[in-house]
Structure formats: C-alpha cells, structure tokens
Amino acid sequence: MAAAAYEHLKLHITPEKFYVEACDDGADDVLIIDRVSTEVTLAVKKDVPPSAVTRPIFGILGTIHLVAGNYLVVITKKMKVGEFFNHAIWKATDFDVLSYKKTMLHLTDIQLQDNKTFLAMLNHVLSMDGFYFSTTYDLTHTLQRLSNTSPEFQEMSLLERADQRFVWNGHLLRELSAQPEVHRFALPVLHGFITMHSCSINGKYFDWILISRRSCFRAGVRYYVRGIDSEGHAANFVETEQIVHYSGNRASFVQTRGSIPIFWSQRPNLKYKPHPQISKVANHMDGFQRHFDSQVIIYGKQVIINLVNHKGSEKPLEQTFANMVSSLGSGMIRYIAFDFHKECKNMRWDRLSILLDQVAEMQDELSYFLVDSAGKVVTNQDGVFRSNCMDCLDRTNVIQSLLARRSLQAQLQRLGVLHVGQKLEEQDEFEKIYKNAWADNANACAKQYAGTGALKTDFTRTGKRTQLGLLMDGFNSLLRYYKNNFSDGFRQDSIDLFLGNYSVDELESHSPLSVPRDWKFLALPIIMVVAFSMCIICLLMAGDTWTETLAYVLFWGVASIGTFFIILYNGKDFVDAPRLVQKEKID
C-alpha cells in the first residue's frame, strides 16, 4: 500500500507564513511555507500561531512563480466521483491562488499588467473541468501496471510512484517533490475523465469504471499542438482504461490515442480546415521510433488504427504514417488504415462492423487484464489498440467505445455475469449507462483539447446517427472554428505556463506579453462586427422602399464578405497565436 496523502487539511495564514495542518486521525504534522524566503519545513501542530487566519482545504496543488513572486495553489472544493476498490476518488472543482507577497508595490505598471495576465492564464487552466485525485489510490497507473510492481514500489508515496506522464501538477509540485519528508502533503492530480457506475445484469451487481488519463507531455490545444516532439511524445495522448469489478474479480482493458507520430503542423489561418504541413527537414524516423519504443515498453504490442481520410488534405498523413510503420519493420506493430468518413458516408454507420471484424482476431490476441478474487493474475493484456484521427477526438472515441464494448462482452461472459449467447447490446439499462459514459468521455477530451464538446456523440449515445446530431455537430464545428482562431493562443499559453513549459522571469527586459498584437489582429473584430451588424440593422429597419433596403443590405453584405476574404487572404495575421513558447517550425 502506498503511503497515503493527507486527506483532511487546514490552511493557517499569517503575514509571514502559510501553515498547512494535517487533520487526519493521529496526524501531528504541519507543513510550513515561509512567505519571504519560500523555505518549506515540517513542524507540529503546537507551532501554529493562534493569530493565524484558518480555513479548510482539500489538497495542495503546488506552487508557481509569477512576476510578483511565488503563489500557493490549493484545492478549496471537491466532489466525490465514487469508490474505487474502497478508495475514494474525488474531482477538484475549485481552487485558490494565494500570493506569498503581502503587497504589489514593488512592481512597475507593466509588471503589474503582466502578472495579472499570468494569473488569468493560471486561473483559466484551473477552470478547465477534469482534475481528479485520490489521497489513497494511485490513479496514474492501470491495474495491470500496478499488479507488476515490487513491494518497494508499493511502499512509495503517491508522488514518488506516479506515472509522470499523467501528473498534471508535476511542475507545481517540484519544490515539495525535492523533500521526501513532506510528500504526504503533495497530491498528484490527474487530468482527463473518470466515471463510475454500479450496474446490474441478470441480477448480478458489478462496478463499471472508465478512466481517461491525458498526458502532460506535448499537451496543448487542437491546432497549435500536433504530431510529436523530439522526445517522441505525441500531441493529445490519452490512455483510456475500462475496468470491471465483480465479486472480488477485477478486469481491465486499456487503449491509447495520440496524434499521428511524425513532425507535422496545422496552424490556424482563418481557413475552416488549415492544410496540414509535414516537415521536409525533420528526422521523422527518429521521433517515430522514440514514440513506439516507449509505447512497446509500456504497453506491449501496438495495433494502430488510423481513421483519417485516404484522399484530400489528410491523404499525405496517412501515406506517411503507413510508410513509417513499414520502414520500421517491427513485429510488435501492426497498421490498419480505415477511411472512416468514406466507409460511413450517407450515415451508413453500420459499416463500422467492417473494421471490428477486421481487428477481431487481433483483439482476441491482445486479450485483457484479469485478476481473480484471490489476487491471482488470470490473463494479461499483451498490447493495445492505438487509435487516431486528425484530432484524436471524435472518430477515435467512436471506435474506442466499440472496441471496449467487445472486450467487456468477453469479460462479463468469463465472469459469469452474462449468460452464454447473451449480447451486451441487448441489456437496455446497462447499454444506456455505457453509451452515455463514452459520450461524456468524448465531450471531456474534446473540450480539453478543442475547446468544445465532441462531434458524433449522437451515435455514441444512441447507436445511430440523427439529424439533430448533425445539427449539433455543425454548431460545435463553428464554435471550434471561432475558438481555434481567436482564443486558442491564450489557451495554449495558459497550458504552457501551468505545465512549466514557460517559466516567468521577472528580470527579463522584454516580456513576451509586452509584444503588441498586429494592428490587423486588433482591427478584425471591429471590422467584422460593424459590417455584419449593419447588414442586420438594414434588414430590421426597412427604408422607405424595399429597393432602398435591398441596396443597403447588398452594400453592407458585400462589405462584410469582402472584408472576410481580405482577411482570409492573409489569415495568419488575424489569429490569436501563442506568445510564451516558440513552437517548432515545420518547413
């Protein structure tokens, strides 16, 4: 059993220090943070001064350095998700950011403004839904990984043993990480999605759990983070684990998703779908091999399911991916290309069975993880499906949910929950739970990466495509277009700041935030709004004759459309690009 983190905490604040008191039964520890020297020490409860202002908190997210100095980030509200093998799982729902400094008088006006912007970025990330933690259970590892650990590993603190790919506050905890004696105050936090359900089939009750763990390596937003980096980390990498707990038996099925693992980009330029650019100078094989070497070590065999289009702008990515797999020549990697949109056009989503039939034998070979009530490992999962589309969101989630259902069918039959010949799809009550959970998983991953809910969730929820679903997809697509072009620069900067990809240096002579936006970027909203608004006003306030009104509408309509095409001609000058981190250039 890992050394648990403290669950019940009180924060005592004085002008000189923060005191974090452990209030668990039998605990006497107090973490002291000096607000002047920033030194972190361990003391006992009697050292807390009576004059301190006291409030309850539910965990320390960590500390971060901004222009004004250090800030302490704490969890102030939490919501219980459920019980995980008798371990409570929580979602952090609110945070507080507390300055070490008692005054901002030491800052110039420019520094004050920069500090305000950095705080807004930090709070933006904290406002994102999907931060989960447990004070007693290691959420960052799959059941199979945990079963293959040594006794020494089991004795480590949650922070020491956590899979760093999925500790989103790892940068914020760096100071506490350096002092093992205070690790019980350090809370590794996962970002992604967790849902738990108590279910019943044939009068047999079992727990069904879905966990998606988002990697903090090469994390970011949809268009600004694509492909891989020099270390082989793929953009929007998510490990999804489906777990069943029945009568002491535990079964799990793991899948991964991640951006096409070559060096490519797709920077927004006001076009609805910017053209993907594959680097002509990068060593694709080096990054590609690094990516899959690590994947094979962690998960075993890799069955790649590439769902991108086989024509149009996506075609070169599919061809390059296929060529890289062929050139690598690894017996541990299989490649399946399935043109999702072509196969399912005209709402023929029943044709997804073609893919499922194609990979059925491979899925049986990979198997799943199962440990019986006595703790004996019955089967191991020997590899994973690694699925991707362009964004690794909508098409990917649909396929993952279908593969997971097939695995669950086999698990429940083996455990005796399903009778021989029974189909999971026929269990109406459970099917509703299952489909909605996977749709919720799709929405969570999509909001965190693309800024909107997922597309195609009508199929995930109902098993069929609907006209209403198409309309909702259209709305979400337009919303994505707006966010990707006009707000994702700020979102990307926020994530880079939170994860430590950018560190604030108050001694910098020129802050990246002081670089003014191009005048065209600032003028865009005004030009577009005025032209479009005049069109609407002319329609609402008809003139003396319809001819006059039509003339006005045509004038302002042409003006707005003309403005749009002028902007489109040099669109990159108008988008909200990140300013903190210089991303790799794709030639």
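Scoring rules and cut-offs
Note that residues are indexed from 1 along each chain, following the sequence as it is written. Restriction of local features to residues with pLDDT of at least 70 applies here, the model being predicted, together with a cutoff of 80 or more for giving and counting side-chain atom pairs; totals for whole chains, interfaces and linings are based on all residues. Computation of side-chain values: all heavy atoms of the structure, hydrogens and water removed. Here a helix means four or more residues in a row that DSSP labels H or I, a strand means two or more in a row labelled E, and each is numbered from the N terminus. With a 1.4 Å probe rolled over the protein chains alone, any residue whose accessible area is under 20% of its type maximum counts as buried; one over 50% counts as exposed, and the rest are partly exposed. Whether two residues are in contact is decided by their heavy atoms: any pair within 4.5 Å suffices. Exposure was quantified through the Shrake-Rupley algorithm and a 1.4 Å probe, taking into account, for residues, occlusion by the shown protein chains and nothing else. Only the stretch in contact is used when fitting a helix axis, every axis being a line fitted to C-alpha atoms; angles between N-to-C directions are given from 0 to 180 degrees. Angular relationships are summarised with four words: roughly parallel below 35 degrees, roughly antiparallel beyond 145, roughly perpendicular across 65 to 115, and oblique for the angles in between. Each residue is assigned to one class: nonpolar for Ala, Val, Leu, Ile, Met, Phe, Trp, Tyr, Cys and Pro, charged for Asp, Glu, Lys and Arg, and polar for all the others, Gly among them. Nonpolar cores were defined as sets of buried Ala, Val, Leu, Ile, Met, Phe, Trp, Tyr and Cys residues, with membership established by side-chain atoms within 4.5 Å. We define a salt bridge as a side-chain nitrogen of Lys or Arg found within 4 Å of a carboxyl oxygen belonging to Asp or Glu.

In the nomenclature of an unreviewed UniProt entry, the protein chain corresponds to Phosphatidylinositol-3-phosphatase SAC1 from the organism Mus caroli.

## Remarks on the overall build of the protein chain
Tallying secondary structure elements over the protein chain gives 16 helices and 20 strands in all. Within the protein chain, the fraction of its 587 residues that count as buried is 55%. The long-range fraction of contacts in the protein chain, counting pairs at least 24 apart against all pairs at least 6 apart in sequence, stands at 67%. Element-wise, carbon and sulfur atoms account for 56% of the exposed surface of the protein chain, whose accessible area totals about 25,900 Å².

## Regarding the packing of helix α1 (residues 109–126) against helix α14 (residues 488–499)
One can describe the packing of α1 onto α14 by two numbers: an axis separation of 8 Å at closest approach and a directional angle of 90°. Between α1 and α14, the angle falls in the class roughly perpendicular. From α1, F118, A120, M121, L122, H124, V125 and L126 reach across to α14, where they touch F490, R491, D493, S494, I495, L497 and F498. Of the residues contributing to the contact of α1 with α14, the split by class is 10 nonpolar, two polar and two charged.

## Considering the nonpolar core
With 66 residues, the main nonpolar core has F84, F206, W208, F340, L352, L412 and F430 as its most contacted residues. Of the residues forming this core, the biggest block, eight residues, is contributed by helix α10 (residues 394–415). In this view, F340 contacts L307, W349, L352, R395, V398, I399 and K456; residues no more than four positions away in its chain are not counted. Counting 45 residues, the second largest nonpolar core, distinct from the first, contains A5, V67, F131 and W168.

## Quick look at the pattern of salt bridges
Taken as a whole and assessed by the stated rule, the structure comprises 27 salt bridges. Salt-bridge contacts for R406 lead to D364; the nearest nitrogen and oxygen are separated by 3.1 Å. Residue R406 is located in helix α10, and its partner D364 is located in helix α9 (residues 352–366); the two are separated by 42 residues in the primary sequence. D391 serves as the salt-bridge partner of R480, at 3.9 Å between the closest nitrogen and oxygen. Within this pair, whereas R480 is found in helix α13 (residues 467–486), its partner D391 is found in the loop between β20 (383–388) and α10, the two being separated by 89 residues in sequence.

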